[in-house]
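A structural walkthrough
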Amino acid sequence: MGIFSRLKTLVASNVNDVISKAEKPEKMLNQLLIEMNEQLIESKKAVALAIADEKKLEREMQNQEAQAGEWERKAMLAVQAGKDDLAKEALLRKQEYDNAFGEYKKQWEAQRNSVGQLKTSLRELQNKIEEAQRKKNLLIARAKRAEAQQKIQNTISSVSGNRTAFDAFDRMAQKVDQMEAQAEASKELEDFSANSDLEKRFAELEKSDSSADILLLELKEKMKAIPEKSG
């Protein structure tokens, strides 16, 4: 089980180190997954070795059991031949193999349990890495969105904090207002001058000789309309 403890420590260390330097989340996540998969490969190798040890113990246990059975058969042959002393020797050898078989069986059972736990841990680790792989694109998308929002916020803060730009904008607006007012004033003066000139021309017309002739004609017409007094 130590291999997974070391893996967990290594992965946690790598995560903390990479996150603290995470300038580009996509690059960080890809590198992290590469390292996790490399460690997964090493873990699989370690589990494979543990399985091999289990198989080796199992074969040795079966061999001890077979040897015990063989010496038991020899003891029976010795009894049948009337050689009890030889049968006793065979039974002692059988006992030795029986004892060895018992020890190997304990070791094999312990190793088999350990391998079972290792396999379970390995599956859990592989599932977590596969889950991380599936989440990678989502995390990258979230990171890019957060980065874009941060850039916009920085821009807004920068512009809001730069009063010079806003002051210049306000001054330009005031200048445009002044230009429009001056243009309107110039037009008003031109219209006033035009009206004054027209009035002046009519005044001159009224003072001219033709105007006097008209006045005289109007007076004569008026006088004709007045009835003459009888003598």
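Counting of residues starts from 1 at the beginning of each chain's written sequence and follows it residue by residue. With the structure being a predicted model, the display of local features is reserved for residues of pLDDT at least 70 and the display and counting of side-chain atom pairs for 80 or more, all residues being used for whole-chain, interface and lining totals. With hydrogens and water set aside, each side-chain value is computed from the structure's full complement of heavy atoms.

**Regarding the environment of glutamine 111**
As a reminder of what qualifies: For the purposes of this entry, the term helix denotes a DSSP run of H or I that reaches at least four residues, the term strand denotes a run of E that reaches at least two, and both are numbered from the N terminus. By the convention used here, residues are in contact when the closest approach between their heavy atoms is within 4.5 Å. Think of a polar contact as two N or O atoms within 3.5 Å of one another; within protein, one of them needs to be a possible hydrogen donor and the other a possible acceptor, and neighboring residues in sequence only count if both atoms come from side chains.
Tracing the backbone shows glutamine 111 in helix α3 (residues 84–161). Each C-alpha atom of the pair glutamine 111 and glutamate 54 lies 5.6 Å from the other, and the pair is 57 residues apart in sequence. For glutamine 111, the contacting residues outside a window of four places in its chain are Ala50, Asp53, Glu54 and Leu57. Among the polar contacts made by the side chain of glutamine 111, one reaches the main-chain carbonyl oxygen of alanine 50 at a distance of 3.0 Å.

**A word on a positive patch on the surface**
The test is simple: Patch membership needs two things, relative accessible area over 30% and no salt bridge, and members are linked within 9 Å if like-charged or within 5 Å if nonpolar (Val, Leu, Ile, Met, Phe, Trp, Tyr). Reported accessibility uses the Shrake-Rupley method at a 1.4 Å probe radius. Residues are deemed covered only where the shown protein chains occlude them. A side-chain nitrogen of Lys or Arg and a carboxyl oxygen of Asp or Glu constitute a salt bridge if their distance falls within 4 Å. We score Asp and Glu as negative and Lys and Arg as positive, and we do not count His or the chain ends. Positions of charges follow a simple convention, taking NZ of Lys, CZ of Arg, CG of Asp or CD of Glu.
There is a patch of like positive charges on the surface, built from Lys55, Lys56, Arg59, Lys119 and Arg123. Elements that contribute at least two residues to the positive patch include exactly α2 (25–80) and α3. It is α2 that provides the largest number of residues to the positive patch, a total of three residues. Along the chain, arginine 123 falls in helix α3.

**What about a nonpolar patch on the surface?**
Together, Leu216, Leu219 and Met223 line one region of the surface with nonpolar side chains, adding up to about 290 Å² of accessible area. Tracing the backbone through its elements, the reader meets methionine 223 in helix α5 (residues 209–224).

**Focus on the confidence of the model for the protein chain**
Heads up, the rule is: One number per residue, pLDDT, summarises how confident the predictor is, and it ranges from 0 to 100.
On average, residues of the protein chain carry a pLDDT of 81, and 77% of them reach 70 or more. The secondary-structure element of the protein chain with the lowest mean pLDDT is helix α1 (residues 2–20), recorded at 54, while α2 shows the highest, at 93.

**Structural notes on the packing of aromatic side chains**
Describing an aromatic ring pair means giving the distance of the ring centres and the angle of the ring planes. Rule in force here: When two rings of Phe, Tyr or Trp (its six-membered ring) have centres within 6.5 Å they constitute a pair, described as stacked for plane angles under 30 degrees, edge-to-face for angles over 60, and tilted for the intermediate range. Note on criteria: charge over ring means Lys NZ or Arg CZ within 6 Å of the ring centre, with the direction from the centre no more than 35 degrees off the ring normal.
Summed over the entire model, instances satisfying the criterion amount to zero aromatic pairs. One cation-aromatic arrangement involves lysine 74 over tryptophan 71; the distance from NZ or CZ to the ring centre is 4.2 Å.

**A few points about α2**
Stated formally: Multiplying 1.5 Å by the helix residue count minus one yields the expected span of that helix.
Between the first and last C-alpha of α2 there are 82 Å, a value that for 56 residues agrees with the 82 Å anticipated at 1.5 Å per step. Once α2 finishes, glycine 82 follows within two positions and takes phi at roughly 75°, a positive value.

**Focus on the pattern of salt bridges**
Tallied over the entire structure, the rule returns five salt bridges. Of the charged contacts in the structure, one is a salt bridge between glutamate 70 and arginine 73, with a shortest N-O distance of 2.5 Å. Of this pair, glutamate 70 and arginine 73 both sit in helix α2, three residues apart, which is roughly one turn of the helix. Here aspartate 98 and lysine 94 are joined by a salt bridge, their closest N and O atoms 2.7 Å apart.

**Some points on the environment of leucine 40**
Threshold: Summary of the burial criterion: residues with accessible area below 20% of their type's maximum are buried, those above 50% are exposed, and those between are partly exposed, where the area comes from a 1.4 Å probe applied to protein chains only.
Tracing the chain through its elements places leucine 40 in helix α2. The buried category is assigned to leucine 40, whose relative accessible area is 5%. Residues leucine 40 and leucine 125 lie 85 residues apart in sequence; the distance between their C-alpha atoms is 7.6 Å. Those residues in contact with leucine 40 that sit more than four places away from it in its chain are Leu122, Leu125, Gln126 and Ile129.

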